[in-house]
Amino acid sequence: MTSDTAHAGARRLRADARRNYERLLATARTAFAEHGTGASLEDVARGAGVGIGTLYRHFPNRYALMSAVFEEAVTELLDRSRALLDAPQPCSALVAWLRDIITHAGEYRGLSRALMSASQDASSALAPCSTPMREAGQALLSRAQESGAVRGDVSITDLMQLTNAIALAAEETPSDPGLADRLLTLTLRGITNSSPSGD
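For clarity, every value in this text was computed on a predicted model and none was experimentally measured.

**Focus on helix α2 (residues 41-48)**
Here's step 1: Here α2 has its buried residues at Leu41, Val44, Ala45 and Ala48. Take α2 and look down its axis: the buried residues cluster within an arc of 95 degrees, on one side only. When the buried face of α2 is taken as reference, the exposed residues oriented beyond 90 degrees from it are Arg46 and Gly47.
Here's step 2: The positive-phi residue at the C-terminal boundary of α2 is Gly49, with phi of around 80 degrees.

Written out as structure tokens, the structure reads:
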């Protein structure tokens, strides 16, 4: 085999691998939206037209696949957090971002539970999602604390856990669409120095 032939073969393999990766992501995104994050990985592989071994070569475990699926949503939330850093009312900006997180978590059943379990584990395959989110939240929280609107003893870890717990409660109670907002309001009453929306 010539060097040119070998390089062409390697390029084809890379192109095939990339197509498999994209098909797996698209199929997983649909499966997670329809069946939750506990959807069968065998079904995901079958729907993408590959074997389960190919899925695991790209994504060593379920959390790795989830992290890749949610990358776009995380990017949107991070962009949103940066935009809110310029908002004139720091506490309202923090509240708006927490509501956005709850909305996004509601798109995939099981996501909030997975994020709660991964929040304390830096080695988790979901860390590429949870770590930048926590850092973005810290920036918004610090600004709200510096304004005097939020108590200084509130930690971003606790706040993110509460937010994910609210999303989980809303997921488990679909018959009550106002539950998440009520629980978030109650949480904010506990962390703020003034009104829940307040600056």
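From this point, the narrative continues.
**Here we look at a negative patch on the surface**
Here's step 1: A surface patch of negative charge is lined by Glu71, Glu72, Glu76 and Glu107.
Here's step 2: By relative accessible area, which is 41% here, Glu76 ends up partly exposed.

**Comments concerning the layout of surface pockets**
Here's step 1: Approximately 220 Å³ is the volume attributed to the largest pocket.
Here's step 2: Along the walls of the largest pocket sit 13 residues, with Ile102, Thr103, Gly106, Ala170 and Ala180 positioned nearest its centre.
Here's step 3: Secondary-structure elements contributing two or more residues to the lining of the largest pocket are α6 (90-105), α9 (156-172) and α10 (179-191).
Here's step 4: Considered class by class, the residues forming the lining of the largest pocket number seven nonpolar, two polar and four charged.

**A closer look at the pattern of salt bridges**
Here's step 1: Inspection of every chain in the model, using the stated rule, returns eight salt bridges.
Here's step 2: As a salt-bridge pair, Asp43 and Arg46 come within 2.5 Å of each other at their nearest N and O atoms. Of this pair, Asp43 and Arg46 both sit in helix α2, separated by three residues, roughly a single helical turn.
Here's step 3: For Asp43, a relative accessible area of 43% corresponds to the partly exposed category.
Here's step 4: Looking at Arg46, the relative accessible area reads 57%, which means it is exposed.

Quick notes on the rules
- Residues numbered from 1 in each chain as written.
- Predicted model: local features only at pLDDT ≥ 70, side-chain atom pairs only at ≥ 80, totals over all residues.
- Heavy atoms only, no water.
- Buried < 20%, exposed > 50% of the residue type's maximum accessible area, 1.4 Å probe, protein only.
- Helix = DSSP H or I, 4+ residues; strand = E, 2+ residues; numbered from the N terminus.
- Arc of directions from axis to C-beta.
- Patch = residues over 30% accessible without salt bridge, like charges linked within 9 Å, V, L, I, M, F, W, Y side chains within 5 Å.
- Areas by Shrake-Rupley, 256 points an atom, 1.4 Å probe, with all protein chains shown as cover.
- Salt bridge = Lys/Arg side-chain N within 4 Å of Asp/Glu carboxyl O.
- Lys, Arg positive; Asp, Glu negative; His and termini not counted.
- Charge placed at Lys NZ, Arg CZ, Asp CG, Glu CD.
- 1 Å grid on protein atoms, 1.4 Å probe; cavity = no way out; pocket = protein on both sides within 12 Å on 5 of 7 lines; lining within 4 Å.
- Points joined across faces, edges and corners; volume = space filled by probe spheres on them.
- Nonpolar A, V, L, I, M, F, W, Y, C, P; charged D, E, K, R; others polar.

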